[in-house]
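Below, each chain spelled out in residue letters.
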Amino acid sequence: MFSPGLVVITGPMFSGKSTELIRRLTIAKIAKLPVQVFKPARDTRTASQICSRDGCCISAINVSGPADILELAKDARVVGIDEAHFFEESLGTIAMTLARSGKQVIIAGLNLDFQERPFACIPELLALADEIVQVHALCTACNERLATRSQRLLGGQERYQVGDTEYAPRCLHCFKPS
Ligand SMILES: [Zn+2]
């Protein structure tokens, strides 16, 4: 289950990316595999942990960039990285170095930004991935179709804007590019 390689968990906001990441990391921890978890320092919502919306949390190290992960993850067998779309610089090379040294790297991040543009390093990671886990939310406009996009409801045009109430999950049909 934790064979060396890259696993990418992707989808819109409210699709359970962190839940899936935490689920997998918890299984590794129960099996006593050394686990190390990282998140970008830029995501200021929670200090030193990642939390799913159903309240499960796992401790994580805040890093300012992917290069920090290489050194800090050296004793891990399973490496988790949440909110990877916040890394503007390439995470691909680092992920491959870690995977080739025998680790499973599990990365979660948003597929698209609020303007429907592929988000930062995520497209590159998807291309490099050994396994892709596409998660969905339910569209809260039609309450019918699977949501694959994140609609920004409030706020400006800045690409990086942290906050839950400013966004809603939308299907292709209901999403309105802003
Ligand atoms: Zn819809």
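What counts, and where the lines are drawn
- Residues numbered from 1 in each chain as written.
- Predicted model: local features only at pLDDT ≥ 70, side-chain atom pairs only at ≥ 80, totals over all residues.
- Heavy atoms only, no water.
- Donors = N, O, S within 2.8 Å, 3.2 Å for Na, K, Ca; no water.
- Tetrahedral: all angles 85-135°; square planar, octahedral: opposite > 155°, others 65-115°.
- Buried < 20%, exposed > 50% of the residue type's maximum accessible area, 1.4 Å probe, protein only.
- Disulfide = S-S within 2.5 Å.
- Helix = DSSP H or I, 4+ residues; strand = E, 2+ residues; numbered from the N terminus.
- Core = buried A, V, L, I, M, F, W, Y, C linked by side-chain atoms within 4.5 Å.
- Contact = heavy atoms within 4.5 Å.

1. Some details on the coordination of the zinc ion
Listed as protein donors to the zinc ion are Cys 139 (SG), Cys 142 (SG), Cys 171 (SG) and Cys 174 (SG); their distances from the metal cover 2.3 to 2.4 Å. Classification of the site at the zinc ion rests on its 4 donor atoms, whose angles at the metal span 98 to 119°, yielding the label tetrahedral. Of note, the zinc ion draws all its donor residues from one chain, in the sequence arrangement C-x2-C-x28-C-x2-C. Assessed through its relative accessible area of 0%, Cys 139 is described here as buried.

2. A word on the state of the cysteines
Applying the stated criterion to the full structure yields 1 disulfide. Across a sulfur-sulfur distance of 2.0 Å, Cys 51 and Cys 57 are joined as a disulfide pair. Taking the torsion about the sulfur-sulfur bond, which here is approximately 110°, the covalent link between Cys 51 and Cys 57 counts as right-handed.

3. Quick notes on unusual backbone geometry
Peptide bonds are trans in most cases, and residues, glycine excluded, mostly fall at negative phi. For Phe 14, which is not glycine, the phi torsion reads 65° and is therefore positive. Here Phe 14 falls in the partly exposed class, since its relative accessible area comes to 27%. Residue Asn 143 is not a glycine yet carries a positive backbone phi of 55°. Mapped onto the fold, Asn 143 is located in the loop between strand E9 (137-138) and strand E10 (146-147). According to the relative accessible area criterion, Asn 143 is exposed, its value standing at 53%.

4. Regarding the nonpolar core
Formed by 29 residues in total, the largest nonpolar core has its most connected members in Leu 6, Ile 69, Val 79, Ile 81, Leu 91, Ile 107 and Leu 125. Here this core takes 4 residues from helix H3 (residues 92-100), the largest share from any one element. In this structure, Ile 107 is in contact with Leu 6, Val 7, Val 8, Ile 9, Ile 81, Ala 84, Leu 91, Ala 95 and Leu 125, ignoring residues within four places of it in sequence. Among the nonpolar cores identified, the runner-up in size contains 17 residues, and Val 7, Val 37, Val 78 and Val 133 belong to it.

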